[in-house]
Amino acid sequence: MALNDVERCEEFHTHGDLLEVVNAHMPDEDELYDLAELFKVFGDSTRIRILFVLFEAEVCVCDLAEALSMTQSAISHQLKILKQSKLVKSRREGKSVFYSLADAHVRTIIAQGREHIEE
């Protein structure tokens, strides 16, 4: 879409009352940055696939690698990113490390994203 295809106001005129409301509710820059970083994590289909596996069960890295036909190294790399973003958590059991969703918010975010793309 070219810039000329975007509808614009015919003359420049701001609405101070609306801008006051917007500015009063705008999060600070740090929060906006953190939110943008969180959504970047969801921008990788491999990480989304991992989350879908974890919707069904707590699994170890070996199971994730097998389910997604990937190497354990590749899975571990993606899990590190998901864990840093507080989307997954892990626990050790003997020589295995099991991963699960960090909380119900992860499922909600994905469900709302799916709902949005299906509209």
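That block above? That's the structure.
Values in this document were obtained by computation on a predicted structure and should not be read as measured data.

Asks: What's the story with the overall build of the protein chain in this structure? I'm lost.
Replies: Helix and strand content of the protein chain: six helices and three strands. For the protein chain, the sequential pattern of α-helices and β-strands runs α-α-α-β-α-α-β-β-α. Taken over the C-alpha trace, the protein chain has a radius of gyration of 20 Å; the compact-globule value for 119 residues is 14 Å, which it surpasses by more than 25%. When the backbone C-alpha atoms are referred to their principal axes, the protein chain occupies close to 65 × 30 × 25 Å. Residues classed as buried in the protein chain amount to 23% of the 119 residues present. Here the analysis covers contacts within the protein chain between residues at least 6 apart in sequence; of these, 49% occur between residues at least 24 apart.

Asks: It is not clear to me how the packing of aromatic side chains should be interpreted in this structure. Could you clarify?
Replies: Any two aromatic rings considered together are summarised by their centre-to-centre distance and by the angle between their planes. Enumeration over the complete set of coordinates arrives at two aromatic pairs. With 6.3 Å between their ring centres and 45 degrees between their planes, Phe39 and Phe42 make a pair best called tilted.

Asks: Just to check I follow, could you spell out unusual backbone geometry for this structure?
Replies: Most of the time, phi is negative for any residue but glycine, and the peptide bond is trans. Positive phi, close to 50 degrees, is recorded for Ser69, a residue that is not glycine. Position of Ser69 relative to the elements: it lies in the loop between α4 (61-68) and α5 (72-84). Ser69 gets classed as exposed once you look at its relative accessible area, which sits at 68%. One non-glycine residue, Lys86, lies in the positive phi region at around 60 degrees. Relative to the helices and strands, Lys86 resides in the loop between α5 and β2 (88-93). Note on Lys86: relative accessible area 67%, which makes it exposed.

Asks: I'm lost on the packing of helix α3 (residues 45-56) against α5 in this one. Help?
Replies: Each pair of packed helices can be summarised by the angle the axes make with each other and by the distance between the axes. In contact at an axis separation of 10 Å, α3 and α5 are set at 85 degrees when each is read in the N-to-C sense. Classed by the angle they form, the pair α3 and α5 counts as roughly perpendicular. Between α3 and α5, the contacting residues are Thr46, Arg47, Ile50 and Leu51 on the first element and Ile75, Gln78, Leu79, Ile81 and Leu82 on the second. A class-by-class count of the residues in the contact of α3 with α5 yields six nonpolar, two polar and one charged.

Asks: Would you mind going over the pattern of salt bridges with me for this structure?
Replies: When their charged atoms lie close together, side chains carrying opposite charge are able to pair. Counted by the stated rule, this structure contains three salt bridges. For Arg91, the salt bridge identified is with Glu58, shortest N-O distance 2.8 Å. Taken together, the residues Arg91 in strand β2 and Glu58 in the loop between α3 and β1 (59-60) connect sequence positions 33 residues apart. Look at Glu58 and you get partly exposed, because its relative accessible area is 34%. Here the salt bridges do not stand alone but share partners, grouping Glu58, Arg91 and Glu93 into one network.

Quick notes on the rules
Residues numbered from 1 in each chain as written. Predicted model: local features only at pLDDT ≥ 70, side-chain atom pairs only at ≥ 80, totals over all residues. Heavy atoms only, no water. Helix = DSSP H or I, 4+ residues; strand = E, 2+ residues; numbered from the N terminus. Rg over C-alpha atoms; globule rule 2.2 N^0.38 Å. Buried < 20%, exposed > 50% of the residue type's maximum accessible area, 1.4 Å probe, protein only. Contact = heavy atoms within 4.5 Å. Phe/Tyr/Trp six-rings, centres within 6.5 Å; stacked < 30°, edge-to-face > 60°. Axes fitted to C-alpha atoms, helices over the stretch in contact; angles between N-to-C directions. Parallel < 35°, antiparallel > 145°, perpendicular 65-115°, else oblique. Nonpolar A, V, L, I, M, F, W, Y, C, P; charged D, E, K, R; others polar. Salt bridge = Lys/Arg side-chain N within 4 Å of Asp/Glu carboxyl O.

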